[in-house]
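# Close look at the chain arrangement
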Amino acid sequence: MPEVTIHIGGRGFEVSCQEGEESYLHSAAKMLDDEAQVLSDQIGRMPEARMLLMAGLMLADKTAAVEDRIKEIEAELAERNAELAELRAAPAPEPERIEVPVVPPLVTETLAELAARTEALAQELEEQTAAS
């Protein structure tokens, strides 16, 4: 088991940890040291046990706040997942009905007559132009 020296509040501590966990230990020690530094700046020198206790309590307070926030976010995520599941389970909406008006037969007949007249006039004009 590796022995690691960590520094908290300007004091060194020998700590054992599992193989490969040294970086995690140093990271945790830095967090604790940061809190101890805040205490040291505010209060000054204090007994080691009290400094460690207070720094640990400050970290525990921050951790509790983070855990509360995580619970809030997890609850919100659960709500969103429930909404999503509800939307996925809902039946597909009815297709929109679109009505296309029917052209009355009289209009079709009238258009056919107009087309025939136009063609007759065009033919007559061509014949007159060719004769001139």
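Summarised in this report is the structure supplied together with it. Small disclaimer: the values here were computed from a predicted structure and weren't measured. (Residues numbered from 1 in each chain as written. Predicted model: local features only at pLDDT ≥ 70, side-chain atom pairs only at ≥ 80, totals over all residues. Heavy atoms only, no water.)

## Quick look at a nonpolar patch on the surface
We count it as follows: Patch members must show over 30% relative accessible area and no salt bridge, and they are joined within 9 Å when carrying like charges or within 5 Å when they are nonpolar side chains of Val, Leu, Ile, Met, Phe, Trp or Tyr. Note on areas: these come from Shrake-Rupley sampling with a 1.4 Å probe, and a residue is covered only by the protein chains present in the view. Salt bridges are identified by distance alone: a Lys or Arg side-chain nitrogen within 4 Å of an Asp or Glu carboxyl oxygen. Secondary structure elements are taken from DSSP: a helix is a run of H or I of four residues or more, a strand is a run of E of two residues or more, and numbering for both begins at the N terminus.
A cluster of nonpolar side chains, contributed by Val 103, Val 107, Leu 111 and Leu 114, occupies part of the molecular surface with about 350 Å² of accessible area. As for its placement among the helices and strands, Val 103 is situated in the loop between helix H2 (48-89) and helix H3 (105-131).

## So, the side chain of Arg 11
Going by this rule: Accessible area is worked out with a 1.4 Å probe on protein chains only. A residue is then buried under 20% of its type maximum, exposed over 50%, and partly exposed in between. Here Asp and Glu are counted as negative and Lys and Arg as positive; His is not counted, and neither are the chain ends. In protein, a polar contact means a hydrogen-donor-capable atom and an acceptor-capable atom, both N or O and within 3.5 Å, with residues adjacent in sequence counting only if both atoms are side-chain atoms; elsewhere, any N or O pair within 3.5 Å suffices. Note on contacts: a residue pair is in contact if any heavy atoms of the two residues lie within 4.5 Å.
When you line up the elements, Arg 11 lands in strand S2 (residues 11-16). For the buried Arg 11, which has no salt bridge, the nearest side chain bearing the opposite charge is Glu 48, at an N-O separation of 4.6 Å. In terms of polar contacts, Arg 11 uses its side chain to reach the backbone carbonyl oxygen of Met 46, at 2.9 Å. Discounting residues that sit within four places of it in the chain, Arg 11 has contacts with Ile 6, Arg 45, Met 46, Pro 47, Glu 48 and Met 51.

## Some words on the pattern of salt bridges
Counted under the stated rule, the structure contains six salt bridges. With a closest N to O distance of 3.1 Å, Arg 69 and Glu 72 form a salt bridge. Of this pair, Arg 69 and Glu 72 both sit in helix H2, three residues apart, which is roughly one turn of that helix. For the salt bridge of Glu 83 with Arg 80, the shortest nitrogen-to-oxygen distance reads 3.5 Å. Taken as a pair, Glu 83 and Arg 80 lie in helix H2 at a separation of three residues, close to a single helical turn.

## Focus on the environment of Ala 28
Within the secondary structure, Ala 28 is located in helix H1 (residues 22-43). Ala 28 gets classed as partly exposed once you look at its relative accessible area, which sits at 41%. Along the primary structure Ala 28 and Ile 6 are separated by 22 residues, whereas in three dimensions their C-alpha atoms are 9.6 Å apart.

## What about the environment of Gly 9?
When you line up the elements, Gly 9 lands in the loop between strand S1 (3-8) and S2. Residue classification places Gly 9 among the buried positions, given a relative accessible area of 19%. Separated by 20 residues in sequence, Gly 9 and Ala 29 place their C-alpha atoms 10 Å apart. The residues contacting Gly 9, other than those within four sequence positions of it, are Asp 33, Ala 36 and Met 51.

## Considerations on the nonpolar core
Here is the rule we go by: Side-chain atoms within 4.5 Å are what join buried Ala, Val, Leu, Ile, Met, Phe, Trp, Tyr and Cys residues into a set we call a nonpolar core.
Counting 14 residues, the largest nonpolar core has Ile 6 and Ile 8 as the members making the most contacts within it. For this core, the secondary-structure elements that each account for two or more residues are S1, H1 and H2. When neighbours within four sequence positions are excluded, Ile 8 is seen to be in contact with Phe 13, Ala 29, Leu 32, Asp 33, Ala 36, Met 51 and Leu 52.

## Considering the packing of H1 against H2
Definition in use: As a rule, the C-alpha atoms of each element are fitted with a line to give its axis, helices using only the stretch in contact, and angles between N-to-C directions run from 0 to 180 degrees. If an angle is under 35 degrees, it is roughly parallel; if it is over 145, roughly antiparallel; if it lies from 65 to 115, roughly perpendicular; otherwise it is oblique. Handedness of a crossing follows from how the near helix is turned relative to the far one, being left-handed for an anticlockwise turn of less than a right angle and right-handed for a clockwise one.
The interhelical angle for the contact between H1 and H2, taken along N-to-C directions, is 115 degrees, at an axis separation of 9 Å. Judged by the inter-axis angle, H1 sits roughly perpendicular to H2. Handedness of the H1/H2 crossing: right-handed. Of the residues in H2, those touching H1 at Met 31, Leu 32, Glu 35, Ala 36, Val 38 and Leu 39 are Met 51, Leu 52, Met 54, Ala 55, Gly 56, Met 58, Leu 59 and Lys 62.

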